[in-house]
Amino acid sequence: MSPDEVPLFSGDRSDPVQPDEFVKAFRRAMRKGAGGTLPTDQTMVEAFEDNLKSRSPAERWFREEDRSKTAWTRVEEAFLMRFPRKEKGEDRDELERELWEMRLPSEELGKKRKYEGRERWPHTEYAERALDLAERAGISEAPVSVWRLEGKISNIILTRLDGKYSNWDEFCEAVKAIPASYITAELERERMVTRLADEMQRMQSSMRSLTLQRQATAVASPPAMGAWARGGAGWNGPSRGPWGSSPGGIQAATLPVPMPPAAALAPAPPRTPEEKRAAVRAQLAAWPLQSDTEAGRAAYRVQWQTWRGQYGEARPSEDTGFPLKPGTLPVGSGECYTCGKGGHRADACTVAQPDRIPGKERVWRMVAGSILGRRGVEAPASINAVGLEQEDETAWMDYVGPGDSEEGNGEGPPV
């Protein structure tokens, strides 16, 4: 038997040739052609590739294999690990279910692990396992709708894929082509956003507790019950009469119940200027200004989603604060109240609407600026904080609450 007589091996499910039998036939042919002994490793490896069917899973595997491992015994070992003997009687429906249920969560990404005797990135391993299952289930040429994988594969992977692929081979190649550096960077971004969200939740919870505590202690205690409550001055106590125990014959049950004076329910006293400044500084710390980077914009998104979940459509105040748009100037730095940048007043701002700051942020900047004061700012003039019409998920940020008109300067605190 010559190498030409060895059947070509493809490695797909429809291939009737068993992998181990193919290797044995190849070794016999090579030994016979070399006069009873195996030729050199280089000759064995080169001849082995010639016996793999073109554009087959086996040929793809061989070309991806580390070619520095030129020892024939290592190639043979890796081949049999990649293509184990096919057991008869596999349930194709079960294989297809297993394929669609495969998972690749974010927690498994970013660290190499051993697969078929080699160190592989998890997404590469996933792609090879998926293609193998697709071939064994006989659906490798079927189209792949990526939406069916939502919730099973990390969004880090899904966002780099198209919506549909013509077959599983095309889909798996697209997964394997995703750079490991991109995955590592996205994992770090996800961890950073999670840490930021957790920290913000802790800070907001602490601030809510402080606010409730202040409101509870600020309510004045009712005055001690005096003579008015005991039947002294200001109230005619009960006396005996012909019709009962009340004066004038009126039944005691019909007498008005004495109530404490309105002063007993007095509202909380107004904050001192220093208390207001402290409240504003606490809110600025709770909603820190993010950098104008991909990570910063992702953190900003978490901020305003958290704010909305906590305050809804409320008008920003010294007790709520509001997230600041990345790329703008800090509060109280002489910024324009239309775009959040510097170097001009709001009435001279030429920034287009999509790039302006939300109406709620304008209100917050004016509130904070009026309390903290602003450096190098002219005397204020009044403007209106009118919301912008938007057709996206951030449109609510331009509704500033009852009384949308906000007195304030485009570059200074309100009067």
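Located above this text is the structure these notes cover.
All residue numbers refer to positions counted from 1 along the written sequence of the respective chain. Residue-level local features of this predicted model are given only where pLDDT is at least 70; pairs of side-chain atoms are given and counted only at 80 or more, and the full residue set underlies all totals for whole chains, interfaces and linings. Based on all heavy atoms of the structure, the side-chain values leave hydrogens and waters out of the count.

### A look at the overall build of the protein
A run of DSSP states H or I qualifies as a helix once it reaches four residues; a run of E qualifies as a strand once it reaches two. Both are numbered from the N-terminal end. Per the secondary structure count, the protein includes 13 helices and 4 strands. Only protein chains enter the accessibility calculation, which uses a 1.4 Å probe; a residue whose area is less than 20% of its type maximum is buried, one above 50% is exposed, and one in between is partly exposed. For the protein, with 415 residues in total, the buried portion stands at 39%.

### Some words on the environment of G151
Looking at where G151 falls in the secondary structure, it is placed in the loop between β3 (144-145) and α7 (155-158). Taking the C-alpha atoms as reference, G151 lies 9.3 Å from L104; in sequence the two are 47 residues apart.

### Here's the deal with the packing of helix α6 (residues 122-136) against helix α8 (residues 168-176)
An axis is simply a line fitted to the C-alpha atoms; with a helix, the fit covers only the stretch in contact. Between two such axes, the angle follows the N-to-C directions and lies from 0 to 180 degrees. The geometry of α6 relative to α8 is characterised by a closest axis approach of 8 Å and an angle of 170 degrees between their N-to-C directions. The pairing of α6 with α8 is recorded here as roughly antiparallel in orientation. In this structure, α6 uses H123, T124, Y126, A127, E128, A130, L131 and A134 to contact α8, whose residues at the interface are W168, D169, F171, C172, V175 and K176. Amino acids outside the nonpolar list (Ala, Val, Leu, Ile, Met, Phe, Trp, Tyr, Cys, Pro) and the charged list (Asp, Glu, Lys, Arg) are all regarded as polar, and Gly is one of them. Residue composition of the contact of α6 with α8, by class: 9 nonpolar, 2 polar and 3 charged. Note that the term roughly parallel is reserved for angles under 35 degrees, roughly antiparallel for angles over 145, roughly perpendicular for angles of 65 to 115, and oblique for everything else. By definition, residues are in contact when any of their heavy atoms lie within 4.5 Å.

### Some details on empty space enclosed by the protein
A pocket here means an open set of points on a 1 Å grid, computed over the protein atoms alone, that has protein on both sides within 12 Å along at least five of seven lines. A cavity is instead a set of points where a 1.4 Å probe fits but cannot get out; residues with an atom within 4 Å of a point line either one. Grid points are joined across faces, edges and corners, and a volume is the space filled by probe spheres set on the points. Under the counting rule described, the total for this entry stands at 2 cavities of 30 Å³ or more. One number sums up the size of the largest cavity: a volume of about 120 Å³. For the largest cavity, the lining is made up of 13 residues, of which E64, R82, E128, L131 and K176 are closest to its centre. Those elements that provide at least two residues to the lining of the largest cavity are α3 (57-64), β2 (118-120), α6 and α8. For the lining of the largest cavity, the element with the most residues is α3, which contributes 4 residues.

### A short note on the packing of helix α11 (residues 273-286) against helix α13 (residues 359-372)
Where α11 contacts α13, the two axes come as close as 9 Å, and the packing angle between them is 135 degrees. Classified by the interaxial angle, the pair formed by α11 and α13 is oblique. As α11 runs across α13, the sense of the crossing is left-handed. Together, K276, R277, V280, R281, Q283 and L284 of α11 and W364, A368, I371 and L372 of α13 make up the contact between the two elements. Across the contact of α11 with α13, the residue classes tally to 6 nonpolar, 1 polar and 3 charged. In this scheme, a crossing is called left-handed if the near helix is turned counterclockwise away from the far one by less than a right angle; it is called right-handed if the turn is clockwise.

### A short note on the state of the cysteines
The criterion for a disulfide is a pair of cysteine sulfur atoms lying within 2.5 Å. The full count for this structure, using the stated rule, is 0 disulfides. Counting only cysteine sulfurs, C349 is the nearest neighbor of C339, a cysteine outside any disulfide, at a range of 3.8 Å.

### A few points about the pattern of salt bridges
Pairing is possible between side chains of opposite charge, provided their charged atoms come close. A pairing counts as a salt bridge when a side-chain nitrogen of Lys or Arg comes within 4 Å of a carboxyl oxygen of Asp or Glu. If you walk through the whole model with that rule in mind, you get 25 salt bridges. Between R82 and D132 there is a salt bridge, with its nearest N and O atoms 3.9 Å apart. Here D132 lies in helix α6 and R82 lies in helix α4 (residues 72-82), a separation of 50 residues in the sequence. With respect to class, R82 is no different from D132; both count as buried.

### Side note on the nonpolar core
As used in this record, nonpolar core signifies buried Ala, Val, Leu, Ile, Met, Phe, Trp, Tyr and Cys residues forming a set joined through side-chain atoms within 4.5 Å. In terms of nonpolar packing, the biggest core is built from 31 residues, with L99, Y126, I157, L161, W168, F171 and I183 touching the most fellow members. Going through the elements one at a time, α5 (92-100), α6, α7, α8 and α9 (180-218) are the ones with two or more residues in this core. Considering each element in turn, this core owes the most residues, 6 residues, to α6. Sequence-distant contacts of L161, that is, excluding residues within four places in its chain, are made with V146, F171, A174, V175 and I178.

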